[in-house]
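Residues per chain, in single letters:
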Amino acid sequence: MASRYLGEDLIFIISQPRSGSTLLQRVLAGHPDIQTSAETWLMLHPVYALKQSGIQTEYDAKFAAQGVEEFLTNYGDGMAVYDDAIREWARVIYRNSLEKNNKKFFLDKTPRYFFIVPELFRLFPKATFIVLMRNPMAVLASILSTYVKNKWPVIEFFRPDLLLAPRLILEGLELLGDKAIRIQYEAFVSSPEKACRSICEALGIEFYEEMLNYGNTPAPKGSLNDPVGIHRHTKPSTTSLEKWKELASDTQHRHFALSYLEDLGPDIVNRMGYAFDDIFDALQHTSGYGQKQREIFPWSIAMKPKEDWTLREHVTADRYFAIRNRGYFKGNLFVFRKTLRDILRLTFKQMRAVD
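Quick caveat, the model's predicted, so the values are computed rather than measured.

Caption draft 1: Seen up close, the overall build of the protein. On a plain count of helices and strands, the protein comes out with 14 helices and five strands. Summarising its shape, the C-alpha atoms of the protein cover approximately 70 × 55 × 35 Å along the three principal directions. Considering the protein as a whole, with its 355 residues, one finds that 47% of them fall into the buried category. The contacts in the protein between residues at least 6 apart in sequence include a share of 78% that link residues at least 24 apart.

Caption draft 2: Molecular detail of helix α11 (residues 276-284). Buried residues of α11: Phe276, Ile279, Ala282 and Leu283, and no others. When α11 is viewed along its axis, its buried side chains cluster within an angular range of 130° and face the same direction. In α11, the exposed positions that point more than 90 degrees away from the buried face belong to Asp277 and Asp278.

Caption draft 3: Broad picture of the nonpolar core. Counting residues in each nonpolar core, the largest one holds 72 residues, and the members touching the most others are Phe12, Ile14, Met43, Phe124, Leu140, Leu162 and Leu283. Contacts of Ile14, omitting those with residues within four sequence positions, involve Tyr113, Phe114, Val117, Leu120, Phe129, Ile130, Val131, Leu132 and Ile169. Among the nonpolar cores identified, the runner-up in size contains 27 residues, and Ile34, Ile181, Ile199 and Ile205 belong to it.

Caption draft 4: Representation of the side chain of Ser142 in the model. Note that Ser142 resides in helix α6 (residues 136-148). Assessed through its relative accessible area of 13%, Ser142 is described here as buried. Ser142 has contacts with Arg18 and Tyr147, leaving out every residue within four places of it along the chain.

Caption draft 5: Focus on the packing of aromatic side chains. A full pass over the atoms with the stated rule returns 16 aromatic pairs. Considering the side-chain rings of Phe12 and Tyr113, the 5.9 Å spacing of their centres and the 70° angle between planes classify their relative orientation as edge-to-face. Taken as a pair, Phe12 in strand β1 (residues 10-14) and Tyr113 in the loop between β3 (105-109) and α5 (117-123) lie far apart in primary sequence, 101 residues in all. Tyr113 shares its class with Phe12; the two are buried. Chaining the aromatic ring pairs together yields one cluster made of Tyr5, Phe12, Tyr113, Phe121, Phe124 and Phe129. Positioned above the aromatic ring of Tyr48 is the side chain of Lys51, whose terminal nitrogen or guanidinium carbon lies 5.0 Å from the ring centre. Sitting over the face of the ring of Tyr185, Arg134 holds its NZ or CZ atom 4.1 Å from the ring centroid.

Caption draft 6: Local environment of the sheet that holds strand β2 (residues 34-36). Ordered in space as β2-β3-β1-β4-β5, the five strands form an open sheet in which the pairing is parallel. Edge positions in the sheet fall to β2 and β5 (180-184), since each of these pairs with one other strand and no more. Strand-to-strand twist in this sheet, taken as the mean axis angle between neighbours without regard to direction, amounts to 25°. Note that β1 and β3 share four bridges and pair parallel. Each bridged residue has a counterpart across the sheet, and for Ile13 the counterpart in β3 is Lys109. Contacting β1, β2, β3 and β4 (128-133), helix α1 (residues 21-28) runs over the sheet at an angle of about 165° to β3.

Caption draft 7: Representation of the pairing of β5 in the model. Where burial is concerned, most of β5 is hidden: four out of the five residues are buried. Relative to β5, β4 is paired through five bridges, and the arrangement is parallel. Counted as the bridge partner of Val131 is Arg182 from β5.

Caption draft 8: Layout of the pattern of salt bridges. This structure, assessed with the given rule, holds 16 salt bridges. Arg197 is paired through a salt bridge with Glu193; the nearest N and O atoms lie 2.9 Å apart. Of this pair, Arg197 and Glu193 both sit in helix α9 (residues 192-203), separated by four residues, roughly a single helical turn. The exposure class of Glu193 is partly exposed, given its relative accessible area of 30%. For Lys245, the salt bridge is made with Glu242, and the minimal N-O distance between the two is 2.7 Å.

Caption draft 9: Local environment of the packing of α6 against helix α10 (residues 251-271). It is at 10 Å that the axes of α6 and α10 come closest, and there the two elements cross at 140°. Classed by the angle they form, the pair α6 and α10 counts as oblique. The way α6 lies across α10 gives a crossing that is right-handed. Counting all contacts with α6, which are made through Pro136, Met137, Leu140 and Leu144, the residues of α10 involved are His253, Phe256, Ala257, Tyr260, Leu261 and Leu264. Among the residues making up the contact of α6 with α10, the classes are represented as nine nonpolar, one polar and no charged.

Caption draft 10: How the structure looks around a nonpolar patch on the surface. A cluster of nonpolar side chains, Leu333, Phe336, Leu340, Leu344 and Phe348, forms an exposed patch at the surface whose accessible area comes to about 500 Å². Within the secondary structure, Leu333 is located in helix α14 (residues 328-354). On the accessibility criterion, Leu333 (41% relative accessible area) is partly exposed.

The rules behind the values
Residues numbered from 1 in each chain as written. Predicted model: local features only at pLDDT ≥ 70, side-chain atom pairs only at ≥ 80, totals over all residues. Heavy atoms only, no water. Helix = DSSP H or I, 4+ residues; strand = E, 2+ residues; numbered from the N terminus. Buried < 20%, exposed > 50% of the residue type's maximum accessible area, 1.4 Å probe, protein only. Contact = heavy atoms within 4.5 Å. Arc of directions from axis to C-beta. Core = buried A, V, L, I, M, F, W, Y, C linked by side-chain atoms within 4.5 Å. Phe/Tyr/Trp six-rings, centres within 6.5 Å; stacked < 30°, edge-to-face > 60°. Lys NZ or Arg CZ within 6 Å of the ring centre and 35° of its normal. Pairing = 2+ DSSP bridges. Axes fitted to C-alpha atoms, helices over the stretch in contact; angles between N-to-C directions. Salt bridge = Lys/Arg side-chain N within 4 Å of Asp/Glu carboxyl O. Parallel < 35°, antiparallel > 145°, perpendicular 65-115°, else oblique. Left-handed = near helix turned anticlockwise from the far one by under 90°. Nonpolar A, V, L, I, M, F, W, Y, C, P; charged D, E, K, R; others polar. Patch = residues over 30% accessible without salt bridge, like charges linked within 9 Å, V, L, I, M, F, W, Y side chains within 5 Å. Areas by Shrake-Rupley, 256 points an atom, 1.4 Å probe, with all protein chains shown as cover.

Laid out in structure tokens, this is it:
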């Protein structure tokens, strides 16, 4: 039997989205031995195919996982066969790209791999794992400015990236141990050569200073990538390091930031390499107190899928947007009428059901 493929030519970047992973990827892609793609999302489905939760399919993923497991257990050599099949599948796909482009390593930067770090490590113990950390308030600020843009319910899409990723990444770090190359975003942009040299040394390849000028490196093909920040510079830059503190000057952003900080808690934030108390103090000290106070869209509602909102939460959200679009008095009147109509409609519907 041929030796198992254990990922010896793979590099995984594990991080939250908006944490600088595109920048790190672009710099490393400047090495003549490294191939990459915008984001592959390649390993998520084969790993999730045997999960009992977290995946929905037209054919019912839960029954499918049960069927595959029963087949392998009753008529095969057990579940380890499935792991070997994933490895062989991955070997064919990744090495096809390496051979086509005459490279030695494939760099897979897919932020939601934070969900499957244990599985990736089990499947590919010889892969190189780069764990990239960034101040979670900077991640929040980037998501707000890049994707949300005052459409507060949109932020719910990023709930796993904001609330689950930090804990899962820390658990991944503990599991990986000395197999992980841990990089703080702030240290990387401040001393990019030091970080790149350490990565190249771990890979056993030569460091090239030209890598740092990623403006000379073609952007990886694919639409799933940083749409804004990467294009503002041609080298790693420290200009945005303190930008997250601007969250404090806007009442809505400040509410989100303090709520997010509270949800993460001191243990998670401190273990990520950032001082919880310092972040809290920075968000408290603001020039925004002098500005006109306005309605706040609650973080607790923003973090829930709209279909899970209670009637009260729907009314709260309707009131917020009505006041923002129509003014205080007209907005409240509009919501009162709308809520009354909704209650009457629901009452009539229930009465008909009884009849």
